[in-house]
Amino acid sequence: AQSVTQLDSHVSVSEGTPVLLRCNYSSSYSPSLFWYVQHPNKGLQLLLKYTSAATLVKGINGFEAEFKKSETSFHLTKPSAHMSDAAEYFCVVSGGGANNLFFGTGTRLTVIP
Amino acid sequence: DVKVTQSSRYLVKRTGEKVFLECVQDMDHENMFWYRQDPGLGLRLIYFSYDVKMKEKGDIPEGYSVSREKKERFSLILESASTNQTSMYLCASCVSGSGPYNEQFFGPGTRLTVL
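In this text, all values refer to a predicted model and were calculated from it rather than measured experimentally. (Residues numbered from 1 in each chain as written. Chains lettered and ligands numbered in written order. Predicted model: local features only at pLDDT ≥ 70, side-chain atom pairs only at ≥ 80, totals over all residues. Heavy atoms only, no water.)

This paragraph deals with unusual backbone geometry. Notably, A:Asn61 is not glycine yet its phi reads approximately 60 degrees, a positive angle. One non-glycine residue with positive phi stands out, namely B:Asp28, at about 60 degrees. As for its position among the elements, B:Asp28 is in the loop between β3 (19-25) and β4 (31-38). In this structure B:Asp28 comes out as exposed when scored by relative accessible area, which is 53%. (Helix = DSSP H or I, 4+ residues; strand = E, 2+ residues; numbered from the N terminus. Buried < 20%, exposed > 50% of the residue type's maximum accessible area, 1.4 Å probe, protein only.)

Below, the structure is given as structure tokens:
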């Protein structure tokens, strides 16, 4: 069975400081993992995806995530937060097909000026 | 750019009304999805469709139905709206047949309030 746990419902950082959003997954298969971002009153946008080609995945807007199989984690990081990063972030695991995505409950990122 | 559009951004309906939420995608995607998003629960799949006139139940299909008469359009129907269906509804689409790595493309969402 597939599932995702986002360890923090809310993260608050100061502008210019690093961002860490934590995600642990459970999967019966070799997983496909995604991070999506949702800005207020907008749909979800793909930030990055893990496709087994490389464990460190780079996404848009300076975000990256590292797949760690031994820790079953796929944490999202960014070296320096920007005000425009304030949004909700979802970690997602695929259940073996694009038809079968399992979403975490989301982490709301607040960036303090 | 892939574009997924939803007919309304905000909708207010009364209990018992029949509600139609429309979704259109312009990328010739085979698969289309309807989710609802509630605080603290993430996204939950209501229904999806992998072809015209084909549909599959998701995790929470009760109280909903869907229609897919054309490839680009996927409708969500609330036969008799209830207050517990007040939520944000998100439509998504993706290609099929390429394994687990396909991303889903999302519309902007419809915030439905049932009074």
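Alright, that's what it looks like, and here's the rest.
Right, let's talk about the interface of chain B and chain A for a bit. Contacts between the two partners involve 23 residues from chain B and, on the opposite side, 23 residues from chain A. Summed over both sides, the interface of chain B with chain A buries roughly 1800 Å², with 53% coming from carbon and sulfur. Summed over the shared surface of chain B and chain A, the number is two residue pairs in polar contact (both at pLDDT 80 or more). Secondary structure elements with two or more residues in the side of chain B that touches chain A: β4, β5 (42-51) and β9 (87-94) of chain B. For the side of chain B that touches chain A, the class distribution of residues is 13 nonpolar, eight polar and two charged. (Contact = heavy atoms within 4.5 Å. Buried area = accessible area lost by both parts, 1.4 Å probe. Polar contact = N/O pair within 3.5 Å; in protein donor to acceptor, adjacent residues only side chain to side chain. Nonpolar A, V, L, I, M, F, W, Y, C, P; charged D, E, K, R; others polar.)

Our focus in this paragraph is the pairing of β3(B). Residues and elements named next belong to chain B. A one-sided burial pattern is seen for β3, the buried positions being Val19, Leu21, Cys23 and Gln25 and the unburied ones Phe20, Glu22 and Val24. Pairing analysis gives three bridges linking strand β1 (residues 4-6) to β3, with the strands arranged antiparallel. Looking at β3, one finds that Val4 is bridged to Gln25. Inspection of the sheet shows β3 paired to strand β8 (residues 73-78) by six bridges, in the antiparallel sense. Among the inter-strand pairings, Cys23 is bridged to a residue of β8, identified as Phe74. (Pairing = 2+ DSSP bridges.)

Within the secondary structure layout, B:Ser8 lies in the loop between β1 and β2 (10-13). Taking the C-alpha atoms as reference points, B:Ser8 and B:Met88, separated by 80 residues in sequence, lie 11 Å from one another.

Let's shift gears to the sheet that holds strand β7 (residues 65-70) of chain B. All names here are of chain B. Taken together, four strands build an open sheet; the order of strands is β1-β3-β8-β7 and the sheet is antiparallel. Looking at strand neighbours, the two that pair on one side only are β1 and β7, the edges of this open sheet. Here the strands of the sheet are splayed against their neighbours by 20 degrees on average, with no regard to which way each runs. As paired elements, β7 and β8 share four bridges and run antiparallel to each other. If you follow Ser65 over to β8, its bridge partner there is Ile77. (Axes fitted to C-alpha atoms, helices over the stretch in contact; angles between N-to-C directions.)

Before going further, it helps to spend a moment on the packing of aromatic side chains. Note on aromatic pairs: each is described by the distance of the centres and the angle between the planes. Tallying each qualifying case throughout the model produces 13 aromatic pairs over all chains. When the ring of A:Phe34 is compared with that of A:Tyr36, the centres are 6.3 Å apart and the planes differ by 35 degrees; the resulting orientation is tilted. Accessibility assignment for this pair places A:Phe34 and A:Tyr36 in one class, buried. Between the aromatic rings of B:Phe33 and B:Tyr35, the centroid separation amounts to 6.2 Å while the plane-to-plane angle is 25 degrees, which identifies the pairing as stacked. The burial state of B:Phe33 is the same as that of B:Tyr35; both residues are buried. (Phe/Tyr/Trp six-rings, centres within 6.5 Å; stacked < 30°, edge-to-face > 60°.)

With that settled, the discussion passes to the state of the cysteines. Evaluated as defined, the whole model comprises two disulfides over all chains. Here A:Cys23 is linked by a disulfide to A:Cys91, with a sulfur-sulfur distance of 2.0 Å. Torsion about the S-S bond of the A:Cys23 and A:Cys91 cystine: about -65 degrees, corresponding to left-handed handedness. With A:Cys23 in strand β4 (residues 23-26) and A:Cys91 in strand β10 (residues 87-94), the pair connects residues that are 68 residues apart, well separated along the chain. Judged on exposure class, the residue A:Cys23 and its partner A:Cys91 are both buried. At a sulfur-sulfur separation of 1.9 Å, the disulfide partner of B:Cys23 is B:Cys91. Disulfide B:Cys23 to B:Cys91: torsion about the S-S bond roughly -75 degrees, handedness left-handed. On the criterion of sequence distance, the pair formed by B:Cys23 in strand β3 and B:Cys91 in strand β9 is long-range, its members being 68 residues apart. By the burial criterion, B:Cys23 is buried, and B:Cys91 matches it. (Disulfide = S-S within 2.5 Å.)

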